[in-house]
Amino acid sequence: QVQLAESGGGLVQAGGSLRLSCAASGRTFSMGWFRQAPGKEREFVAAISGSGGGTRYADSVKGRFTISRDNTKNTVSLQMNSLKPEDTAVYYCAAGGLFPTTREDNYHTWGQGTQVTVSS
């Protein structure tokens, strides 16, 4: 089974940018990013198809976040711009099936997460 490892989290001021990366140990199909803020349930952020041609975003991040992938390196990235304090959370990447979906139960493998903290 593929293993996933996130990197790139950190502390940034509101309005700043961060780029998260997820390295997979092998080939993956659709990939997703989810996040969990303290005291809240994990929520969908973005997803991308295996080819990279299809993407989906949560309304809260549309226009600010961009998901991309490099299949030659088995990596998926999440470029986060115009960050807000409400984006503070642990961010997880996940490997899914053929189609990029927003549902957690469609993803079978998860990374351990990386902390993103946005200060006001």
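Quick caveat, the model's predicted, so the values are computed rather than measured.

On to the sheet that holds strand β8 (residues 75-80). The sheet built from four strands is open, its strands ordered β1-β3-β8-β7 with antiparallel pairing. With partners counted over all chains shown, the strands left at the sheet margins are β1 (4-7) and β7 (65-70), one partner each. The mean inter-strand angle of the sheet, taken between neighbouring strand axes irrespective of direction, is 15°. Sheet analysis places β7 next to β8, joined by six bridges and oriented antiparallel. Note on β8: the bridge partner recorded for Phe65 is Met80.

What follows covers the nonpolar core. The biggest cluster of nonpolar side chains holds 32 residues, and the ones touching the most others in it are Leu4, Trp33, Val45, Phe65, Leu78, Met80 and Tyr91. Those elements giving two or more residues to this core turn out to be β3 (18-24), β4 (31-36), β5 (43-48), β7, β8, β9 (89-96) and β11 (114-119). When near neighbours in sequence (up to four residues on either side) are disregarded, Leu4 contacts Cys22, Ala23, Ala24, Met31, Cys93, Ala94, Ala95, Thr109, Trp110 and Gly111.

The next subject is the state of the cysteines. Counted under the stated rule, the structure contains one disulfide. Here Cys22 is linked by a disulfide to Cys93, with a sulfur-sulfur distance of 2.0 Å. Negative torsions about the S-S bond denote left-handed disulfides, and the value of about 55° found for Cys22 with Cys93 makes this one right-handed. Placement of Cys22 in strand β3 and of Cys93 in strand β9 is noted, with a sequence separation of 71 residues between them. Residue Cys22 is classed as buried on the basis of its relative accessible area, which comes to 1%.

Next up on the list: the packing of aromatic side chains. What the rule picks out here adds up to four aromatic pairs. Measuring from ring centre to ring centre gives 5.2 Å for Phe34 and Tyr107, while their planes differ by 75°; the resulting arrangement is edge-to-face. Of the two residues, Phe34 sits in strand β4 while Tyr107 sits in strand β10 (residues 107-110), which places them 73 residues apart along the sequence. You can call Phe34 buried: its relative accessible area is 0%. Ring centres of Phe34 and Trp110 lie 5.0 Å apart, and the angle between their planes is 55°; this geometry places the pair in the tilted category. Taken as a pair, Phe34 in strand β4 and Trp110 in strand β10 lie far apart in primary sequence, 76 residues in all. Of the residues examined, Trp110 reaches a relative accessible area of 25% and is grouped as partly exposed. Each member of the aromatic cluster is reached from another via a ring pair, and the members are Phe34, Phe44, Tyr107 and Trp110.

Parameters at a glance
- Residues numbered from 1 in each chain as written.
- Predicted model: local features only at pLDDT ≥ 70, side-chain atom pairs only at ≥ 80, totals over all residues.
- Heavy atoms only, no water.
- Pairing = 2+ DSSP bridges.
- Helix = DSSP H or I, 4+ residues; strand = E, 2+ residues; numbered from the N terminus.
- Axes fitted to C-alpha atoms, helices over the stretch in contact; angles between N-to-C directions.
- Core = buried A, V, L, I, M, F, W, Y, C linked by side-chain atoms within 4.5 Å.
- Buried < 20%, exposed > 50% of the residue type's maximum accessible area, 1.4 Å probe, protein only.
- Contact = heavy atoms within 4.5 Å.
- Disulfide = S-S within 2.5 Å.
- Phe/Tyr/Trp six-rings, centres within 6.5 Å; stacked < 30°, edge-to-face > 60°.

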